[in-house]
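Structural characterization, general
Here's the letter readout for the chains.
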Amino acid sequence: MSAAEAQHTGRIALAYDGDSREPSAWSGIPRNLADALQGAGVEVVHVSAEPGRLERRLRRLSIHGEDRAAAATAAFARRLRRSGSVDAVLQLGSEFTAPDGVRVATYDDMTILQARRLEHPLLDRLGEAEIEAWAERQRSIFAAATACFTAARWAADSVIEDYGVPAERVHVVGFGRNLDPRPVDREWSPPRYLFVGQDWRRKGGETLLAAFRALRQRVPGATLTVVGHHPRLAAEPGLELTGGLWLNRAADRDRMERLYESSTCLVLPSEIEPAGIVYLEAAAAGVPSIGTTVGGAAEMIGDGGRLVDPGDVDGLTAAMLELADPETAASLGAAAREHCERFTWPKIADRIATVLDL
């Protein structure tokens, strides 16, 4: 029996500051992980830590502040009691704390201290005291956890080095892909580049646009399809704008799969990319990726693409030019397809359940 087919037992509470059953919650990660755990034989109870009316009445809440953390902690404890006994709690995020005496594991793609160093927009509305309090709360959560799961080695290193968690309690399990496009035969030339991202600035949209314009001078037939929100862009040769596509809509899922299946290369030159699931989805279609050196993109891409420094227009142009070569693109696409088979939700669920002895 393969790891993906391994069967487990037990009952686990999936804890999230919101509704973890919603397909759009945290890029679909809670919902897909829960489905995979249940497919492996683990009973999953969804327990929200989102403050309810009672907690909101008692406290004036601010985003990610200590008052909201206290409200979320109280709401989670109340709902966890109602859910009955569980063998473990799998906590997604650090906006709340589980009650004492409960066996807890964490699952993260980035720590608060990493976000602070990188000036992540998640922290834009917080003062230094609030950020420090949040980091200390995360430190106590990690210290009490049976296991700390991360999506990539990048986050695991922070849990160990920044928070002092013993390495034997930190486990890199990865993310799974939420879309499974087919690897199809395709024409690799002229190159058709694809960008998928809701945050145009943070995902490196301006860097990509500058690199694409430079590339078009060398490869006039190249095209770039932009999926997601972006500032108003003027029409220009080779540029196609699709707007946002949502994977919880059947028509959008179909459109997204067709885009992966017809593209030559995914380009997501993010300023910060903790662990991009889109790299895995492109790889499932046999499409290589270009990502950046900051974050966990290296593990998601593997040998199936290239990495450049964030904001490096010349470096990105060179990488895109390299993948404009049909043989190079086809070879890296095959490597990407092989690499992404490690990253399915059933395999992630098996890794987590095995560590938790479920």
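Notes on the structure in this doc start here. What you are looking at is a predicted structure, and each value in this text was computed from that prediction instead of being measured.

The secondary structure content of the protein chain amounts to 13 helices and 12 strands. For the protein chain, whose C-alpha radius of gyration is 21 Å, the value lies close to the compact-globule estimate of 21 Å for 358 residues. Each of the three principal axes of the protein chain carries a C-alpha extent, and together these read 60 × 50 × 40 Å. Relative to its 358 residues, the protein chain shows a buried fraction of 53%. For the protein chain, the exposed area adds up to about 15,400 Å²; of that, 48% sits on carbon and sulfur atoms. Looking at charge distribution, the protein chain has the averaged site of its 41 positive side-chain charges lying 6 Å from that of its 51 negative ones.

Further remarks concern the sheet that holds strand β8 (residues 223-227). Strand order in the open sheet made by the six strands is β9-β8-β7-β10-β11-β12, with parallel pairing throughout. Either end of the sheet is taken by a strand with one partner, and the two such strands are β9 (239-243) and β12 (305-308). The average angle at which neighbouring strand axes cross in this sheet is 25°, direction not considered. Sheet analysis places β8 next to β9, joined by four bridges and oriented parallel. Looking across to β9, one finds that Leu 224 is bridged to Leu 239. Helix-sheet contacts for helix α8 (residues 250-262) involve β7 (192-196), β8 and β9, and the interaxial angle to β7 is about 140°. With respect to the sheet, helix α11 (residues 313-322) is in contact with β7, β10 (265-267), β11 (289-292) and β12, its orientation differing from that of β12 by roughly 170°.

Bringing the environment of Arg 218 into the picture now. Position of Arg 218 relative to the elements: it lies in helix α7 (residues 205-218). Between the alpha carbons of Arg 218 and Leu 321 there is a distance of 8.2 Å; along the sequence they are 103 residues apart.

Right, let's get into the pattern of salt bridges. Counting across every chain of the model gives 23 salt bridges. The partner of Arg 249 in a salt bridge is Asp 252, with the nearest N and O atoms 3.7 Å apart. Across the pair Arg 258 and Glu 261 runs a salt bridge, and its minimum N-O distance is 3.0 Å. With a gap of three residues between them, Arg 258 and Glu 261 both fall in helix α8, about one helical turn apart. What makes Arg 258 partly exposed here is its relative accessible area of 31%. Relative accessible area serves as the criterion here: at 7%, Glu 261 is assigned to the buried category. Taken together, the shared-partner salt bridges connect Arg 182, Asp 254, Glu 257, Arg 258 and Glu 261 into one network.

With that settled, consider helix α12 (residues 326-340). The terminal C-alpha atoms of α12 lie 21 Å apart, and with 15 residues this matches the ideal 21 Å at 1.5 Å per residue to within 8%. For α12, the full list of buried residues reads Ala 329, Leu 332, Gly 333, Ala 336, His 339 and Cys 340. Seen end-on, α12 carries its buried residues on one side only, within an arc spanning 125°. Of the exposed residues in α12, those oriented more than 90 degrees away from the buried face are Glu 327 and Glu 338. Buried positions along α12 lie against α9 (277-284), α10 (297-301) and β12.

This brings us to the packing of α7 against α11. Here α7 crosses α11 at 50°, and the two axes come no closer than 9 Å. In this view, α7 runs oblique relative to α11, as classed from their interaxial angle. For the crossing formed where α7 meets α11, the hand is right-handed. Packed against α7, whose contacting residues are Thr 207, Leu 208, Ala 210, Ala 211, Phe 212, Ala 214, Leu 215 and Arg 218, the element α11 presents Val 313, Leu 316, Thr 317, Met 320 and Leu 321 at the interface. When its residues are assigned to classes, the contact of α7 with α11 shows 10 nonpolar, two polar and one charged.

What counts, and at which threshold
Residues numbered from 1 in each chain as written. Predicted model: local features only at pLDDT ≥ 70, side-chain atom pairs only at ≥ 80, totals over all residues. Heavy atoms only, no water. Helix = DSSP H or I, 4+ residues; strand = E, 2+ residues; numbered from the N terminus. Rg over C-alpha atoms; globule rule 2.2 N^0.38 Å. Buried < 20%, exposed > 50% of the residue type's maximum accessible area, 1.4 Å probe, protein only. Areas by Shrake-Rupley, 256 points an atom, 1.4 Å probe, with all protein chains shown as cover. Lys, Arg positive; Asp, Glu negative; His and termini not counted. Charge placed at Lys NZ, Arg CZ, Asp CG, Glu CD. Pairing = 2+ DSSP bridges. Axes fitted to C-alpha atoms, helices over the stretch in contact; angles between N-to-C directions. Contact = heavy atoms within 4.5 Å. Salt bridge = Lys/Arg side-chain N within 4 Å of Asp/Glu carboxyl O. Expected span 1.5 Å × (residues − 1). Arc of directions from axis to C-beta. Parallel < 35°, antiparallel > 145°, perpendicular 65-115°, else oblique. Left-handed = near helix turned anticlockwise from the far one by under 90°. Nonpolar A, V, L, I, M, F, W, Y, C, P; charged D, E, K, R; others polar.

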